[in-house]
Amino acid sequence: MKALRIADCGLRIGLRLLKSAIHNPKSAMLIIGIILPARMSAQQWPQHSMDRPRPPVVDPGPERPPTPAPKDAIVLFDGTNLSQWRAQDSTAAKWTVKDGYVEVKAGTGMLVSARGFGDVQLHIEWRTPTPPQGEGQERGNSGIFLMGIYELQVLDSYQNDTYPDGQAGAIYGENPPLVNATRPPGQWQAYDVIFHRPHFKADGTLERPARMTVFLNGVLIQDDFELVGPTANQARPPYRAHPDKLPLRLQDHGNPVRYRNIWLRELE
Ligand code: MG
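From a predicted model like this one, the values you see are computed outputs, not experimental measurements. (Residues numbered from 1 in each chain as written. Predicted model: local features only at pLDDT ≥ 70, side-chain atom pairs only at ≥ 80, totals over all residues.)

Visitor: Could you give an account of the pairing of strand β7 (residues 142-146), naming the residues involved and the relevant values?
Guide: Of all five residues making up β7, five are buried, and the element is well covered by its neighbours. With two bridges joining them, β7 and strand β14 (residues 246-250) adopt antiparallel strand pairing. Bridging from a neighbouring strand, Ile144 pairs with Leu250 of β14. (Buried ≥ 20, exposed ≤ 12 C-beta atoms within 10 Å, placed from the backbone. Helix = DSSP H or I, 4+ residues; strand = E, 2+ residues; numbered from the N terminus. Pairing = 2+ DSSP bridges.)

Visitor: Requested: an account of the confidence of the model for the chain, with residues and values cited.
Guide: When pLDDT is low, close inspection of the predicted coordinates is not appropriate. Within the chain, residue pLDDT values average 89, and 84% of them lie at 70 or more. For the stretch residues 1-19, pLDDT sits under 50, and the model shows three contacts to residues farther than four places along the chain or on other chains. Low pLDDT, under 50, characterises residues 30-40; the predicted model gives this stretch three contacts beyond four residues in sequence or across chains. (pLDDT = per-residue confidence, 0-100. Contact = placed C-beta atoms within 7 Å.)

Visitor: So, the sheet that holds β7: which residues are in play, and what are the values?
Guide: The five strands are arranged β2-β5-β14-β7-β8 in an open sheet whose pairing can be described as antiparallel. With partners counted over all chains shown, the strands left at the sheet margins are β2 (85-87) and β8 (150-154), one partner each. Strand-to-strand twist in this sheet, taken as the mean axis angle between neighbours without regard to direction, amounts to 30 degrees. Bridging between β7 and β8 involves five bridges; their strand directions are antiparallel. When the bridges of β8 are listed, Leu146 appears paired with Tyr150. (Axes fitted to C-alpha atoms, helices over the stretch in contact; angles between N-to-C directions.)

Visitor: Describe unusual backbone geometry, with residues and values.
Guide: Omega for the bond connecting Thr130 with Pro131 falls within 30 degrees of zero, at -5 degrees, which places this linkage in the cis form. With respect to the helices, strands and loops of the structure, Pro131 is situated in the loop between β6 (120-127) and β7. Positive phi, normally seen in glycine, also occurs at Asp99, with a value near 45 degrees. The exposure class assigned to Asp99 is exposed, which follows from the 8 C-beta atoms found within 10 Å. Phi at Gln234 takes a positive value of approximately 50 degrees, unusual for a residue other than glycine. As for its position among the elements, Gln234 is in the loop between β13 (219-226) and β14. Residue Gln234 is classed as exposed on the basis of its C-beta count, with 7 C-beta atoms lying within 10 Å.

Following this line, the structure appears as structure tokens:
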């Protein structure tokens, strides 16, 4: 009842403003000032804008042990071998497996899953190098490319400033994370992702965009975000029709980022 009254009150104020705006251009400007900011989407900022406000920092709590895979999960990496992975050119995967993790071997290119996937629940743990080296995008950069096309950024974003749509947990170049819930470099962190692939009509045009929900270290950082297209650097390429299932790719950005405990559940 209380909510109704507040809504009703808002409506009355709105109507009064509207009536006065007809007679008074100043109040018309006031209406624009009140209504427009609320309606503007996250896309109001230019891509990679350094002026964009930084997401609030949230301490996610201490590092946790690996999350066991559920019984129906497809385990892509259990710490022992890369049998589920290939190099970009389909030859044997070249990244380094050691002590239960796999580390980016700079210059060898992306790690590509042998199988393709569409809609998934993905769990993946990662750790950026310590001591940290480089600044901004050059510090602990890697990335998780759903379907090999849509990048969830991996970066050392602990006290390391960069453009918000390129920090850890960003849908790269499209949407910053809601908060910065990263741990310091050298500590293990976990993404839990719900990804829905895009759908295309028979003529190749877009029917439904891809969507992503992401938790970082148990903290919600992407809430059912609708991707505007494939992720890219200094570009906003449009959607282009592709198969319903495509391999997952992990990025070689030249930094020795580590991954462990990678599993997913297919959702379709
Ligand atoms: Mg990256």
